[in-house]
Amino acid sequence: MSATVKLPNTWSAEKRKPGFFWVIASLLLPLWSVLTKYRFTPESKLPETGPFILSPNHMSELDPIAVGVAVWKRGRLPRFMAKASIFKVPVVGTIMRLSGQIPVDRNSRSASSGGSAGSATAAASLAAANELIARQGGVIVYPEGTLTRDPELWPMRGKSGAVRLALETGIPLIPAAHWGVQEILPRYGKIKLWGRKTIQVAIGQPLDLSSYRGRPINREILEQATEQLMTEITRLLAQLRSEPAPPSRWDPKSHNQSETGRF
């Protein structure tokens, strides 16, 4: 077993402030607590104040709840970046806005600007980051972009969104890992509601990106920094699983997904 303990819930000034999150927590936490219990590594902490980017592994459709509750238990409000179009959906959009989720509009670039789709995405992410800084809040960004395709649920090759956001803004980028939620809802599987499951969580130290500061943000730098992030997430997960990670990372571009018989 990895060295995880039941740490007490923490309360930052952000979390103590009454708001819509209290409503969500009062509705969700009692039910979620029936299904789960949390164990954190002793060093698992989030900044008490200020913006941060939390980048965890992604292996179950329930991850947003599992990680969101972990962030809440560590004293901060969980926020996600979501497509701006979702905010236009009746009821859902209202909940998203009231709970402080951050819209990302990748189509905000005008057709006459001549920019690329990649530059539009970068601009949208930067706009979202500015909102994050203004709120002095945190955001959860999955660097894999989707559920891992690795047959053994190890982190696969990451995408550069979280790293780009950190490099462009200076916001701390914090790697994290969790393990156990897949016992409730396996990847692309059916939910299992019997038996209370333990969710283990490891939150690492902010990633040291100092070697990239002051340099033009190009593809090479993004790839290097993203690999650094994925390596740290994998290390944290290996700690939770008490087993070594595989020597190479699953890359959807180079693996034939049919090999696993699952995809």
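How each quantity is defined
Residues numbered from 1 in each chain as written. Predicted model: local features only at pLDDT ≥ 70, side-chain atom pairs only at ≥ 80, totals over all residues. Heavy atoms only, no water. Helix = DSSP H or I, 4+ residues; strand = E, 2+ residues; numbered from the N terminus. Buried < 20%, exposed > 50% of the residue type's maximum accessible area, 1.4 Å probe, protein only. Polar contact = N/O pair within 3.5 Å; in protein donor to acceptor, adjacent residues only side chain to side chain. Expected span 1.5 Å × (residues − 1).

For the protein, an unreviewed UniProt entry supplies the name 1-acyl-sn-glycerol-3-phosphate acyltransferase and the organism Canibacter oris.

Now for unusual backbone geometry. Even without glycine at this site, Leu153 takes up a positive phi of about 70°. Turning to its location among the elements, Leu153 is positioned in the loop between strand E5 (138-140) and helix H6 (161-169). The backbone of Tyr188 shows a phi angle near 55°, a positive value even though the residue is not glycine. Its place among the elements puts Tyr188 in the loop between strand E6 (173-179) and strand E7 (197-203).

With that settled, consider the environment of Arg149. Looking at the secondary structure, you find Arg149 in the loop between E5 and H6. Here Arg149 falls in the buried class, since its relative accessible area comes to 18%. Once the C-alpha coordinates of Arg149 and Arg187 are considered, the two residues, 38 residues apart in sequence, prove to be 9.2 Å apart. Looking at Arg149, its side chain comes within polar contact range of the main-chain oxygen of Leu147, at 2.9 Å.

Look at helix H7 (residues 219-241): 32 Å from first C-alpha to last across 23 residues, which is about the 33 Å you get at 1.5 Å a residue. Near the N-terminus of H7, the side chain that reaches the backbone nitrogen of Glu220, with its oxygen 3.2 Å away, is that of Asn218. In the stretch just after H7, Ser242 is the one whose phi turns positive, near 55°.

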